[in-house]
Amino acid sequence: MVGIYSPADATNWLVPGRSLYLTIHLLGVVCFSYIVARRLMPLVRAQRDFRFDRPLARLGNVFKYWFGQWKHPRYKFAGVLHILIFAGFILLVLRAFALLTIGREHFELLGLTGRFGHLYDVVTDYAATVVFLCMIVAVVRRLVFKPARYAVPAKFGRPHTADAVFLLGLIALLMAADSLFAASKAAGHVQQGQPAEALAVLSLPWILQGLIASAPLATVATLNVSAYLVHELAFYFLLCYRPFGIQFHVETSLLSVYFAKLVRGKIKPVRWGVSDEHLDQVKSFGVKTFEDFTWKHMLDFYSCADCGRCADNCPAYAAGRPLAPRFLTIKARDYAFQQYPVFGKAHNSRPLVGTIYSEDEIWSCTTCGACEEECPLLIEYIDKIVDLRRGLVDEGNVPQSLQKALKALESRGNPYGKMERKKADWIKAADFQAAFSVQTLSAKNPADTLYFVDSITSYDDRMQSIGRSTARILTHIGENFGVLGAAEKDSGHEVRRFGEETLFLALRDHNTEAIQASGATKIVTADPHAFNALKHDYKDIPPVEHISQVIAREVKSGKIQFKRVHNENSVYAYHDPCYLGRHNQVYDDPREVLDAIPGLKRVEMKRARDRSFCCGGGGLMLFYEPKEEQRMGVLRVRMAAEAGANVIVTACPFCMVNIEDAIKVAGLEGKMSAIDLTELADQQIACVPAAEQEAGKVFEDQELVSGR
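Since the structure is predicted, the reported quantities are computational estimates derived from the model, not experimental observations.

The rules behind each value
Residues numbered from 1 in each chain as written. Predicted model: local features only at pLDDT ≥ 70, side-chain atom pairs only at ≥ 80, totals over all residues. Heavy atoms only, no water. Helix = DSSP H or I, 4+ residues; strand = E, 2+ residues; numbered from the N terminus. Contact = heavy atoms within 4.5 Å. Areas by Shrake-Rupley, 256 points an atom, 1.4 Å probe, with all protein chains shown as cover. Lys, Arg positive; Asp, Glu negative; His and termini not counted. Charge placed at Lys NZ, Arg CZ, Asp CG, Glu CD. Domains from an automatic or database assignment. Buried area = accessible area lost by both parts, 1.4 Å probe. Salt bridge = Lys/Arg side-chain N within 4 Å of Asp/Glu carboxyl O. Polar contact = N/O pair within 3.5 Å; in protein donor to acceptor, adjacent residues only side chain to side chain. Axes fitted to C-alpha atoms, helices over the stretch in contact; angles between N-to-C directions. Parallel < 35°, antiparallel > 145°, perpendicular 65-115°, else oblique. Left-handed = near helix turned anticlockwise from the far one by under 90°. Nonpolar A, V, L, I, M, F, W, Y, C, P; charged D, E, K, R; others polar. Buried < 20%, exposed > 50% of the residue type's maximum accessible area, 1.4 Å probe, protein only. Phe/Tyr/Trp six-rings, centres within 6.5 Å; stacked < 30°, edge-to-face > 60°. Lys NZ or Arg CZ within 6 Å of the ring centre and 35° of its normal. Disulfide = S-S within 2.5 Å. Pairing = 2+ DSSP bridges. Patch = residues over 30% accessible without salt bridge, like charges linked within 9 Å, V, L, I, M, F, W, Y side chains within 5 Å. Core = buried A, V, L, I, M, F, W, Y, C linked by side-chain atoms within 4.5 Å.

**Student:** I keep staring at the overall build of the protein and nothing clicks. Help me out?
**Tutor:** A tally of helices and strands in the protein yields 29 helices and 11 strands. Seen along its three principal axes, the alpha-carbon backbone of the protein occupies a region of about 105 × 60 × 45 Å. Partitioning the intrachain contacts of the protein with sequence separation of at least 6 by distance along the chain shows that 79% fall at a separation of at least 24. Surface exposure of the protein reaches about 29700 Å², of which carbon and sulfur atoms provide 59%. Each charge class in the protein was averaged separately, 81 positive and 76 negative side chains, and the resulting centres sit 3 Å apart.

See the structure below:
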């Protein structure tokens, strides 16, 4: 047929167009449905996961993170590129559906006619052009510029560059075929003297129309039918090929975002639907085989876009530890594809640790949350790591360096193995005891506020000063408070994230009873790890605040006023503790406290707030001996030096331990010092009694001597 007609009316290889394209449609849909059904088979065999609560909040996540692409601009160039591609696809959805129907019958989508239809065609002409150009840029970026975060070290497997480039090429072909179809249709109508919609100026269809405008009508008609056929075949091939590689996230990411965790800082239970009281009925703890993952975590494996942002922000990976969150996901997805092939029978699942994961890989995580914070698709890593650790602990595979600390926690309630009666010895420092009285709470001796000290502040000689500073501040603001003393055991925060669930539950239940018996109506702590545990892992206890929140509030109320800093040549940098910042979103309060101190000069490190760099102290890491090329704390200290700071302020005793040690290891003793926010605030409080001023003089030069 000479002229421009609907592909349905054309004949291809003696086959009527309507029959040919109906066959392509049916085969494409059937093949895609079969492949997806096979890919979802592991999810059917997976563990339960309750993700159907709070539908409005989940829809809000979809609009913000999936549709709104909220996190993508954190990497500006790649983010803008992805947003353009995503927006182009969203705009082209109706056009693609309309185009698919042309080969089956004469059909116009409601609303895509008249003035609106012409406007939509113009917009989609530009959308197809932008997507086509973005594909070229993405291919060049992958093959020429090769961003470091896309690299795959040999120990983590093979790169997926060829797969990515092939998929980008398919999308470019799809856009080109779409544009050529529109261009040849317009050019043919002009040659036939029929009215033709004007194509968007400088768009790809407009350019192609100019190139073929003078070609014979028969050639234009052939291009028109051929472009449509290529579009159909490319569309369905791309649709069916995506579930075999990283592009499967196009189909699964919306669901992954919708079912994402809604509460930060919380750890999933050992088994969904099994209460703590019935855990003894669970035959196996944690993840040992692939089917031990929950269906949501398997969905995460499919949804990973392999962008490398998680590993790029992972402090363990930066320190040279054998861990990169990205490859935890990629290796699991590759394993799922192997064990549950699209064609053939599923294989018996093997233990994950020792096959695709190593023990060092699993123990290297500090649970800092940097990977989850950065992921644009809200993929979860900490719960997977903790579940894998639970599986190792259940099998008795505990790192030797941690065994002593765990035994001490079990027998003494603290990882140091110290006597319970020494829990409150930090109060007995001579200069402190002479000026202050800290009561031990009980049912007979209650108080409004409980100061939960936790193990490191109670037993570490250097960290005890944080406890005393906290007590002085609470006294200054007139808080009626006390401590649990010997009745307080470790909060169990690190124990739970280490994977020792049973021990955590014992610690939690003991502390819960002691807290309830104290009669306190609120809890304050200076330890972000205890803060996170009490807030998210405990139940039936009073509300909890971190001391930085208390100080910030009292500064605003006027109860706390600061005197001018003694050494105005000092430059301060605030280090965000992971479990205060990323996990609990407390970023502004500590900074407001620092900025309220007259004469204090503060700078921000390059990695700050939600991109803060972990000190390396989470997940019982103070007692673990990891395999690493360099210490995380040393990397962090150097970041502070690069920012021009000579005093690092933090709000966590774990961070203080690591940062003070890192200053020594980095050779910066005498050039840089570290101080806790409570110590600094205590030192700078104005209009305090002489006894309190005398007690705070030990911090005047801010060169603190470690008593560890």
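**Student:** I keep staring at the domain arrangement of the protein and nothing clicks. Help me out?
**Tutor:** Many analyses report the size of an interface as the accessible area lost when the parts associate. By domain assignment, the protein separates into domain 1 (11-246), domain 2 (276-398) and domain 3 (403-704). Between domain 2 and domain 3, the contact holds 29 residues from the first and 34 residues from the second. Between domain 2 and domain 3 lies a buried interface of about 2700 Å² when both sides are counted; carbon and sulfur atoms form 54% of it. Put simply, domain 2 and domain 3 have 5 salt bridges between them. The partner of Glu-501 in a salt bridge is Arg-390, and the shortest N-O contact between them spans 2.9 Å. Between the two partners, domain 2 and domain 3, sit 14 residue pairs in polar contact (both at pLDDT 80 or more).

**Student:** Got a minute to help me understand the packing of helix α24 (residues 547-557) against helix α25 (residues 588-595) in this structure?
**Tutor:** Each pair of packed helices gets described by two things: the angle between the helix axes and the distance between those axes. For the pair α24 and α25, the least separation of the axes is 8 Å and the interaxial angle reads 50 degrees. Here α25 runs oblique to α24, going by the angle between their axes. Handedness of the crossing formed by α24 with α25: left-handed. Two secondary-structure elements touch here, α24 through Ser-548, Gln-549, Ile-551, Ala-552 and Lys-556 and α25 through Asp-589, Pro-590, Glu-592 and Val-593. When grouped by side-chain class, the residues that make up the contact of α24 with α25 number 4 nonpolar, 2 polar and 3 charged.

**Student:** Would you mind showing me how to read the environment of Thr-525 here?
**Tutor:** Relative to the helices and strands, Thr-525 resides in strand β6 (residues 522-525). Classification of Thr-525 by relative accessible area gives buried; the value is 0%. Sequence separation of Thr-525 and Thr-222 is 303 residues, and the distance between their C-alpha atoms is 75 Å. Non-local contacts of Thr-525, meaning those with residues more than four positions away in its chain, are made with Tyr-451, Phe-452, Ala-530, Phe-531, Val-544, Glu-545, His-546 and Ile-547. In terms of polar contacts, Thr-525 uses its side chain to reach the backbone carbonyl oxygen of Phe-452, at 2.8 Å.

**Student:** How should the packing of aromatic side chains be read in this particular structure?
**Tutor:** What characterises a pair of aromatic rings is the spacing of the ring centres plus the angle enclosed by the ring planes. According to the stated counting rule, one finds 30 aromatic pairs in the structure shown. Ring centres of Phe-52 and Phe-259 lie 5.3 Å apart, and the angle between their planes is 75 degrees; on these two criteria the pair is classed as edge-to-face. In this pair, Phe-52 is assigned in the loop between α2 (41-45) and α3 (55-67) and Phe-259 in the loop between α9 (249-258) and α10 (295-303), connecting sequence segments 207 residues apart. Ring plane angle 80 degrees and centroid distance 5.9 Å describe the contact between Trp-426 and Tyr-451, whose orientation is recorded as edge-to-face. Of this pair, Trp-426 sits in the loop between α17 (400-412) and α18 (430-435) while Tyr-451 sits in strand β4 (residues 449-451), and the two are 25 residues apart along the sequence. A single burial state applies to Trp-426 and to Tyr-451, both of which are buried. An aromatic cluster is defined as three or more aromatic residues linked by ring pairs; in this entry it consists of Phe-52, Tyr-258, Phe-259 and Trp-295. Here the guanidinium or amino end of Arg-142 rests over the ring plane of Tyr-150, the centre of that ring lying 4.1 Å away.

**Student:** Hey, could you run me through the state of the cysteines in this one?
**Tutor:** Cysteine pairs can be linked by a disulfide, which is a covalent bond between their two sulfur atoms. Considering all chains together, one arrives at 0 disulfides under this definition. The thiol of Cys-652 is unpaired, and the distance to the nearest cysteine sulfur, on Cys-655, comes to 3.8 Å. Accessibility expressed as a relative area gives 1% for Cys-652, which makes it buried.

**Student:** Help me out: how do you make sense of unusual backbone geometry in this one?
**Tutor:** Phi is mostly negative for residues that are not glycine, and the peptide bonds are mostly trans. A positive phi angle, near 75 degrees, is found at Asp-454, a position not held by glycine. On the secondary structure map, Asp-454 appears in the loop between β4 and α19 (455-459). Residue class for Asp-454 comes out buried when judged on its relative accessible area of 4%. For Gln-585, which is not glycine, the phi torsion reads 60 degrees and is therefore positive. Assignment of secondary structure puts Gln-585 in the loop between β8 (571-574) and α25.

**Student:** Just checking my understanding: could you explain the sheet that holds strand β11 (residues 673-676) for this structure?
**Tutor:** Think of a sheet as strands paired side by side through backbone hydrogen bonds, with each pair either parallel or antiparallel. Read from one edge to the other, the open sheet built from 4 strands follows the order β9-β8-β10-β11, with strand pairing classed as parallel. A single partner strand is all that each edge strand has here, and the edge strands are β9 (601-603) and β11. On average, each strand axis in the sheet is tilted by 35 degrees relative to the strand beside it, whichever way the strands run. Bridge count between β8 and β9: 3 bridges; the pairing is parallel. Counted as the bridge partner of Val-571 is Lys-601 from β9.

**Student:** How do you make sense of the environment of His-278 when you look at a structure like this?
**Tutor:** Looking at where His-278 falls in the secondary structure, it is placed in the loop between α9 and α10. For His-278, a relative accessible area of 40% translates into the label partly exposed. Between the alpha carbons of His-278 and Ser-6 there is a distance of 66 Å; along the sequence they are 272 residues apart. In terms of polar contacts, His-278 uses its side chain to reach the side chain of Ser-275, at 2.7 Å.

**Student:** Just checking my understanding: could you explain a nonpolar patch on the surface for this structure?
**Tutor:** There is a patch of nonpolar side chains on the surface, built from Tyr-126, Val-201, Leu-202, Trp-206, Ile-207 and Leu-211 and spanning about 610 Å² of accessible area. Checked against the element boundaries, Val-201 lands in the loop between α6 (161-191) and α7 (204-212). Owing to a relative accessible area of 48%, Val-201 belongs among the partly exposed residues under this scheme.

**Student:** Would you take a moment to explain the sheet that holds strand β5 (residues 481-483) for this structure?
**Tutor:** Taken in spatial order, the 5 strands line up as β3-β5-β4-β6-β7 in an open sheet, and their pairing is parallel. Strand pairing shows two members of the sheet lacking a second neighbour, β3 (439-440) and β7 (544-546), which therefore form its edges. Relative to β5, β3 runs parallel, the two being bridged by 2 bridges. Paired with Gln-439 across the strands is Gly-482, a residue of β5. Along the sheet, helix α20 (residues 464-476) contacts β4, β5 and β6; its crossing angle with β4, the most-contacted strand, is approximately 165 degrees.

**Student:** Just checking my understanding: could you explain the nonpolar core for this structure?
**Tutor:** In a soluble, globular protein the nonpolar side chains are often hidden away together inside. With 171 residues, the main nonpolar core has Phe-290, Leu-352, Ile-551, Phe-562 and Val-649 as its most contacted residues. Core analysis: the second largest hydrophobic core is formed by 20 residues, Ile-85, Ala-138, Met-175 and Ala-234 among them.

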